[in-house]
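Summary of structural features
Chain by chain, the residues run as shown.
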Amino acid sequence: MSTSIDSPETAESPTLQLDVKVNTIQACVREVIVTVPSAEVQRYLKEAYDELVPEAQVPGFRSGRAPRRLVEKQFKDRVVEQVKGKLLMDSLTQVTDNEEFSAISEPDFDYSSIPDPGEGDFAFQFTIEVRPDFDTPEWKGLELKKSVQKIDDDAVTSALDRVLRDRASWEATEEPAELGDRLVVNISFTEGGKTISKLEEELVTLSNKLSFTDGLCNEFGKDVAGKKEGEKVTTSVELPSAAEDEEKREIVAEVTIVEVQKLESVEITDELLEELGDFETEGELREFIKESLERQSEYHTQQQIRSDVANLLSDAVNFELPEDLVRRQTRREIQRRILELQRSGFDPTQVQGIANALQQNARASTESALREHFVLEQIAEEQNIDATPEDFDAEVMLISQQNGTNPRKTRSRLEKSGQMDALRNQIVERKVIDLIVENANVTEEEMTDQNDSVNESYPVDFSITGRRDDDSIPEAKYEDNSAPEANAEKDKD
């Protein structure tokens, strides 16, 4: 595709006369060739010298009194460099404002390879990632199934038991380990007989599986259950492949049981109620837990609906995504999911487990999320859907309640970490999903218990291969170690 811009000058602020050609390289990538005519280059140079001459200091002349030709000769390099930067900035701004594409990244070009402005035209080119062009798929009248879950007293009791486990006393024992026990373990990871990493004195809950940020031990519970303090056991860890055609790596994990801990009973006292969040009665605590479980249920429903919508619309958005875009967006996608989990009432262990799974399958999950995002964002624009200040306030309040922190502190943390944009996307996409559901033919079905799948694996925030870039992985844990299911502390500072 090729377009041209020939903007008229205005008396107040003359715009650049540009020739712009835009070529589609991929669905999400444009190559842009910009040519600034010689006359415009000379105008910029003249304006730069006009500004410099009255203040220029040239040896042998009073400030601002040197002949223009001497000023131009002495300050040529500085002025040319200044004009080059200004021409680039102004033309890039004008191109991105006037062109039809919607940029999602900064222009990519090599500044040093661009010739300095001189007598002729000034030309340069760059590539830029854009939102793909596609026809909005028909989203009204979809056939959808909506899972619903009844939060009864048994579900609240099970969740309360999980909260109390975090506050209970654990007694070291010489008895064999059973599922649900706590273990202090040392783990040595080897590949081909070579040690690649070690995990020292890690406290874990003995679950069927043990997950890491880059791998999964599927037989952890089977291999470790029945072992006692001081015993060693060998199990395997599977690392997902970086590409579809690569074989998955098998890592050997030697687990040393340093200590086995059994759970002792815990009573709900006034002190414990206060510690959990200033609750006055057990009933108030149970009601708070029920609300958290309802938000978790809403989250699972949203994820299932979102997945169904994406599958139904996938044929209309089957475009290629650039590798660089997928890699950069991985962090944003994990950030968005973590924010959703935090506002939906999941405890830190559950959040870490889902974050581990996302990181293990980062590329596939990010590609899927990007396609969904582009479709939902386009529908949002067409339907004039956006996040309001009240929406942001409500989301920050929910996250604050789960963290047990002041909303102002939560907002400040989100702003400083650059996560407000992810929060905005989360709000808008949820609104669009709600709109699609409102206009769909929905059949409700009973949701299976999600807690079994969530607690099937115990997550550890550790990279076996050591390749994790800490700056690229958002923090999955909360600001304190308290379980958000029961953390309703009203921070009033």
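Just so it is clear, the structure is predicted and the values come from calculations on it, not from any experiment.

1. So, the packing of aromatic side chains
Overall, the coordinates contain seven aromatic pairs when judged by the stated rule. Seen from their ring centres, Phe109 and Phe124 are 6.4 Å apart, and the 55 degrees between their planes marks the pair as tilted. Taken together, the residues span a long stretch of sequence, with Phe109 in the loop between α3 (76-98) and β3 (122-129) and Phe124 in strand β3 at a distance of 15 residues. Here the aromatic rings of Phe124 and Phe126 are separated by 6.2 Å at their centres, their planes lie at 25 degrees, and the arrangement is stacked. The exposure class assigned to Phe124 is buried, which follows from its relative accessible area of 5%. Looking at Phe126, the relative accessible area reads 2%, which means it is buried.

2. A short note on the pattern of salt bridges
Where charged atoms from two side chains of opposite charge approach closely, those side chains can pair. Overall, the coordinates contain 19 salt bridges when judged by the stated rule. Residue Lys84 pairs with Asp116 through a salt bridge whose shortest N-O separation is 3.7 Å. You can see Lys84 sitting in helix α3 and its partner Asp116 sitting in the loop between α3 and β3, a full 32 residues away along the chain. The class for Asp116 is partly exposed, based on a relative accessible area of 48%. Residues Glu377 and Arg424 are paired through a salt bridge, measuring 3.0 Å at the closest nitrogen-oxygen approach. Of the two residues, Glu377 is situated in helix α10 (residues 362-382) and Arg424 in helix α13 (residues 420-438); the sequence distance between them amounts to 47 residues. Residue Glu377 is classed as buried on the basis of its relative accessible area, which comes to 8%. Owing to a relative accessible area of 17%, Arg424 belongs among the buried residues under this scheme. Salt bridges sharing partners connect three or more residues here, namely Lys46, Asp50, Arg68 and Glu72.

3. Section: the environment of Glu231
Of note, Glu231 is situated in the loop between α5 (220-224) and β10 (232-239). As for Glu231 and Glu259, which are separated by 28 residues in sequence, their C-alpha atoms are 9.6 Å apart. If sequence neighbours within four positions are ignored, Glu231 has contacts with Gly226, Val255, Thr256 and Ile257.

4. Topic: a negative patch on the surface
A grouping of Asp270, Glu271, Glu274, Asp278, Glu280 and Glu284 is seen on the molecular surface, where their side chains present a negatively charged patch. Residue contributions to the negative patch peak at three residues, all from helix α6 (residues 270-277). On the secondary structure map, Glu280 appears in the loop between α6 and α7 (282-313). For Glu280, a relative accessible area of 66% corresponds to the exposed category.

5. Here we look at the nonpolar core
The biggest cluster of nonpolar side chains holds 37 residues, and the ones touching the most others in it are Leu144, Leu321, Phe374, Leu423, Val432 and Ile436. The set of elements that each furnish at least two residues to this core consists of α7, α8 (323-343), α10, α11 (389-403) and α13. At 10 residues, the largest contribution of residues to this core is made by α13. The contacts of Leu423, once residues within four sequence positions are left out, are Leu339, Phe392, Glu395, Val396, Ile399 and Leu414. Val34, Leu45, Ala66 and Val79 belong to the second-largest nonpolar core, a separate cluster that totals 32 residues.

6. Digging into the sheet that holds β3
Judged by pairing direction, the sheet is antiparallel, and its three strands sit side by side in the order β1-β2-β3 without closing on themselves. With partners counted over all chains shown, the strands left at the sheet margins are β1 (19-26) and β3, one partner each. Taken pair by pair, the neighbouring strands of this sheet meet at an average axis angle of 15 degrees, ignoring direction. Alignment of β1 against strand β2 (residues 29-36), held across seven bridges, turns out to be antiparallel.

7. Quick look at the packing of α8 against α11
Packing of α8 against α11 brings their axes to within 8 Å, and their N-to-C directions diverge by 70 degrees. The angle between α8 and α11 falls in the class roughly perpendicular. Each of Leu339, Gln342 and Arg343 in α8 lies in contact with α11, whose residues at this interface are Glu395, Leu398, Ile399 and Gln402. Split into classes, the residues belonging to the contact of α8 with α11 amount to three nonpolar, two polar and two charged.

8. Re helix α1 (residues 38-52)
Relative to the 21 Å expected for 15 residues at 1.5 Å per residue, α1 spans 21 Å between its end C-alpha atoms, a close match to the ideal helical length. Of all the residues in α1, the buried ones are Glu40, Val41, Arg43, Tyr44, Leu45, Ala48, Tyr49 and Leu52. On its buried face, α1 is in contact with β2, α2 (68-74), α3 and β3.

9. Comments concerning α6
Leu272, Leu273, Leu276 and Gly277 are the residues of α6 that are buried. Buried residues of α6, viewed axially, fall in a sector of 100 degrees; they line one side. For α6, exposure combined with an orientation more than 90 degrees from the buried face picks out Asp270, Glu271, Glu274 and Glu275. Close packing links the buried residues of α6 with α4 (153-167) and α7.

10. Details of the confidence of the model for the protein
Averaged over all residues, the pLDDT of the protein equals 81, while 86% of them reach at least 70. Here helix α14 (residues 450-454) stands out as the element of the protein with the lowest mean pLDDT, 47, in contrast to α5, whose mean of 95 is the highest. Segment residues 1-13: pLDDT under 50, and 31 contacts once partners within four positions in sequence are set aside and those in other chains are kept. Ignoring residues within four places in sequence, the model shows residues 468-493, a span with pLDDT below 50, making 89 contacts including any to other chains.

11. A few points about the packing of α7 against α13
For the pair α7 and α13, the least separation of the axes is 11 Å and the interaxial angle reads 70 degrees. Taken as axis vectors, α7 and α13 run roughly perpendicular relative to one another. Where α7 approaches α13, its residues Gln302, Ile305, Arg306 and Val309 are matched on the opposing element by Glu429, Arg430, Ile433, Asp434, Ile436 and Val437.

12. Considering the environment of Glu267
Here Glu267 is to be found in the loop between β11 (249-263) and α6. Between the C-alpha atom of Glu267 and that of Ala168, which follows or precedes it by 99 residues, the distance is 8.5 Å.

13. What to know about unusual backbone geometry
Positive phi outside glycine occurs at Glu201, with the angle close to 45 degrees. Mapping Glu201 onto the fold places it in strand β7 (residues 194-205).

The rules behind each value
- Residues numbered from 1 in each chain as written.
- Predicted model: local features only at pLDDT ≥ 70, side-chain atom pairs only at ≥ 80, totals over all residues.
- Heavy atoms only, no water.
- Phe/Tyr/Trp six-rings, centres within 6.5 Å; stacked < 30°, edge-to-face > 60°.
- Helix = DSSP H or I, 4+ residues; strand = E, 2+ residues; numbered from the N terminus.
- Buried < 20%, exposed > 50% of the residue type's maximum accessible area, 1.4 Å probe, protein only.
- Salt bridge = Lys/Arg side-chain N within 4 Å of Asp/Glu carboxyl O.
- Contact = heavy atoms within 4.5 Å.
- Patch = residues over 30% accessible without salt bridge, like charges linked within 9 Å, V, L, I, M, F, W, Y side chains within 5 Å.
- Areas by Shrake-Rupley, 256 points an atom, 1.4 Å probe, with all protein chains shown as cover.
- Lys, Arg positive; Asp, Glu negative; His and termini not counted.
- Charge placed at Lys NZ, Arg CZ, Asp CG, Glu CD.
- Core = buried A, V, L, I, M, F, W, Y, C linked by side-chain atoms within 4.5 Å.
- Pairing = 2+ DSSP bridges.
- Axes fitted to C-alpha atoms, helices over the stretch in contact; angles between N-to-C directions.
- Parallel < 35°, antiparallel > 145°, perpendicular 65-115°, else oblique.
- Nonpolar A, V, L, I, M, F, W, Y, C, P; charged D, E, K, R; others polar.
- Expected span 1.5 Å × (residues − 1).
- Arc of directions from axis to C-beta.
- pLDDT = per-residue confidence, 0-100.

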